[in-house]
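# Per-entry structural report
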Amino acid sequence: MDKFCVFCGDIPKNKNKEHIIPQWLIEFTGDPNRLVDFGLVWNSKTSELEFKKFAFDQFQFPACEKCNQEHSVLEVKAKGVLQNLKAANPL
């Protein structure tokens with residue numbers, strides 16, 4: 001299966017990995033090493049559905065370098081807004 005850019009949907013050019021949830025946001029919202037549940041998987045040993053656990057820092061998708069850079073502008077703006085909210089500064 002071909003990998004595709006999470007932003008534009010094309011085969012990534014000058015591919016890099018995009019953390020869908022930025023590291024600074026993971027740290028901002030709690031323990032960066034915590035595991036989270038993302039979907040269910042069938043455990044053939046127990047014959048039960050179980051939550052698939054991931055570390056936030058492993059939640060990455062391929063992205064074109066260009067797309068990743070273009071969309072990082074939004075991330076920088078969002079980070080500034082959250083930092084101002086936390087500090088009770090005007091937006």
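In short, a report on the structure. Treat the numbers as computed from the prediction; the structure is a model and nothing was measured. (Residues numbered from 1 in each chain as written. Predicted model: local features only at pLDDT ≥ 70, side-chain atom pairs only at ≥ 80, totals over all residues. Heavy atoms only, no water.)

From N to C terminus, the protein chain includes two helices and four strands. Element order for the protein chain, N to C, with α for helix and β for strand: β-α-β-β-β-α. Against the compact-globule benchmark of 12 Å for 91 residues, the protein chain has a radius of gyration of 17 Å, which places it well outside the compact range. With respect to the principal axes defined by its C-alpha atoms, the protein chain has extents near 55 × 35 × 15 Å. A total of 91 residues make up the protein chain; the buried ones form 16% of that total. In the protein chain, 56% of the contacts between residues at least 6 apart in sequence involve partners at least 24 apart. Carbon and sulfur atoms form 57% of the exposed surface of the protein chain, whose accessible area is close to 7,100 Å². (Helix = DSSP H or I, 4+ residues; strand = E, 2+ residues; numbered from the N terminus. Rg over C-alpha atoms; globule rule 2.2 N^0.38 Å. Buried < 20%, exposed > 50% of the residue type's maximum accessible area, 1.4 Å probe, protein only. Contact = heavy atoms within 4.5 Å. Areas by Shrake-Rupley, 256 points an atom, 1.4 Å probe, with all protein chains shown as cover.)

Looking at the element boundaries, Glu-18 is found in strand E1 (residues 16–19). Here Glu-18 is in contact with Val-6, Phe-7, Phe-59, Gln-60, Phe-61, Ala-63, Asn-68 and Glu-75, once residues within four sequence places are set aside.

Turning our eyes to something else, we now look at unusual backbone geometry. Positive phi is not limited to glycine here, since Ser-47 has a value of about 55°. Examined against the element boundaries, Ser-47 turns out to sit in the loop between strand E2 (35–43) and strand E3 (48–55). The exposure class assigned to Ser-47 is partly exposed, which follows from its relative accessible area of 48%. Not every positive phi belongs to a glycine, and Ala-88 is a case in point at roughly 60°. With respect to the element layout, Ala-88 can be found in the segment after helix H2 (65–86).

Before going further, it helps to spend a moment on a nonpolar patch on the surface. Among the surface-exposed residues, Leu-40, Trp-42, Leu-49 and Phe-51 lie close enough to one another that they form a single nonpolar patch of about 500 Å² accessible area. Residue assignment for the nonpolar patch shows that the elements contributing at least two residues are E2 and E3. Along the chain, Leu-40 turns up in strand E2. On the accessibility criterion, Leu-40 (51% relative accessible area) is exposed. (Patch = residues over 30% accessible without salt bridge, like charges linked within 9 Å, V, L, I, M, F, W, Y side chains within 5 Å. Salt bridge = Lys/Arg side-chain N within 4 Å of Asp/Glu carboxyl O.)

For the rest of this paragraph, the subject is the pattern of salt bridges. Between side chains of opposite charge, a pair can form when the charged atoms approach closely. Summed over the entire model, instances satisfying the criterion amount to two salt bridges. Salt-bridge contacts for Asp-37 lead to Lys-53; the nearest nitrogen and oxygen are separated by 2.7 Å. Separated by 16 residues along the polypeptide, Asp-37 in strand E2 and Lys-53 in strand E3 bring together distant segments of the chain. Ionic pairing is found between Glu-70 and Lys-66, a salt bridge with its closest N-O pair at 3.6 Å. One end of the pair is Glu-70 and the other is Lys-66, both in helix H2 and four residues apart, which spans about a single turn. Looking at Glu-70, the relative accessible area reads 46%, which means it is partly exposed.

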